[in-house]
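Structure assessment
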Amino acid sequence: MAEGGALSGRVALVTGAGRGLGLAIARRLAAEGAAVWLNGRDEAALARAADAVGRRARPLAFDIADDRATARAFDRLAEGGLDILVNNAGQRDRRQLEVLDRAAVRALMEVNLVAPFDLARRAAPLLAARGQGRIVNITSIAADIARGGDAAYTASKGALAALTRALAAELGGARITVNAVAPGFFATEANHAMVSDPAVAEHLRRRTALGRWGRPDEIAGAVAFLAGDEAAYITGQTLSIDGGYTSHF
């Protein structure tokens, strides 16, 4: 890996970085020169992911929905400082309205909304202490469009998009930018069944302008841009990366 890079000297935390989009984001930030903390709950998976990312990566296992575990993790982060927070971890509960109860909705909101709020709250003073900072939330095109059987997830991502705008307004005075990236259909391990489904492939061929699944590295580049100096005057925005899925009908 070449020395230097657009993010040289920066320290980043990427949640849900053991695989998929989170791992791709961590890999790109490290390639740009950042030291990257990889978060997740599975210590063994994180260790493998850190090895795959390279020498600038370190695992930091904790459950973002666990307040005490998160507090301990941020005590550790405070020792070395923090410049970039990427709220990538999330859950999905694809079930019809009649079978979703309050407990299920609360559990989803805890991971997809409350935890990103809490992580941003804890990260803000660490970012401010560095003179500037970047928060990037991974939302979804489901924040703006919807389909049946996905009400809780859609609501959580819509709320995260709103939180992005609210945090941008609140933290701008500390030179902290807060933006979001909204993925469309991406070929990750979590979507393996859908990726293997010819009907889904045909739907994407017809429905997206580019006619294909997205690749995780195509999200990672956008996050790296928003985390860098070239995006210093961009805040409160959501960038949809969906192959044109939401731009036409």
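Residues numbered from 1 in each chain as written. Predicted model: local features only at pLDDT ≥ 70, side-chain atom pairs only at ≥ 80, totals over all residues. Heavy atoms only, no water.

**Some remarks on the environment of G4**
Formally: Labels follow the DSSP assignment, with helices taken as runs of H or I lasting at least four residues and strands as runs of E lasting at least two, numbered in each case from the N terminus. Only protein chains enter the area calculation, which uses a 1.4 Å probe; residues under 20% of their type maximum are buried, those over 50% are exposed, and those in between are partly exposed. Contacts were defined at the residue level, with two residues in contact if any of their heavy atoms lie within 4.5 Å.
With respect to the helices and strands, the residue G4 is situated in the segment before strand 1 (11-14). Residue G4 is classed as partly exposed on the basis of its relative accessible area, which comes to 26%. When the C-alpha atoms of G4 and A31 are compared, they prove to be 9.0 Å apart, with 27 residues separating the residues in sequence. Residues within four places of G4 in sequence aside, it is in contact with E32, G33 and R56.

**Let's talk about the packing of helix 1 (residues 20-31) against helix 8 (residues 216-227)**
To keep it simple, the criterion reads: A fitted line through C-alpha atoms serves as each axis, taken over the contacting stretch for helices, and the angle formed by two N-to-C directions is quoted from 0 to 180°. Just so you know how the angles are binned, under 35 degrees is roughly parallel, over 145 roughly antiparallel, 65 to 115 roughly perpendicular, and the rest oblique. In a left-handed crossing the near helix is turned counterclockwise from the far helix by less than a right angle, and in a right-handed crossing that turn is clockwise. Residues are grouped as follows: Ala, Val, Leu, Ile, Met, Phe, Trp, Tyr, Cys and Pro are nonpolar; Asp, Glu, Lys and Arg are charged; all remaining types, including Gly, are polar.
One way to put it is that helix 1 packs onto helix 8 with a least axis distance of 8 Å and a crossing angle of 50°. Relative to helix 8, the element helix 1 is oriented oblique. For the pair helix 1 and helix 8, the sense of crossing is right-handed. Mapping the contact onto sequence places G20, L21, A24, I25, R28 and L29 in helix 1 and P216, D217, I219, A220, G221, V223, A224 and A227 in helix 8. The residue makeup of the contact of helix 1 with helix 8, split by class, is 10 nonpolar, two polar and two charged.

**Quick look at unusual backbone geometry**
Residue R175 is not a glycine yet carries a positive backbone phi of 60°. Along the chain, R175 turns up in the loop between helix 5 (151-171) and strand 6 (176-183). A residue is classified by how much of its surface remains accessible, and R175, at 54% relative accessible area, is exposed.

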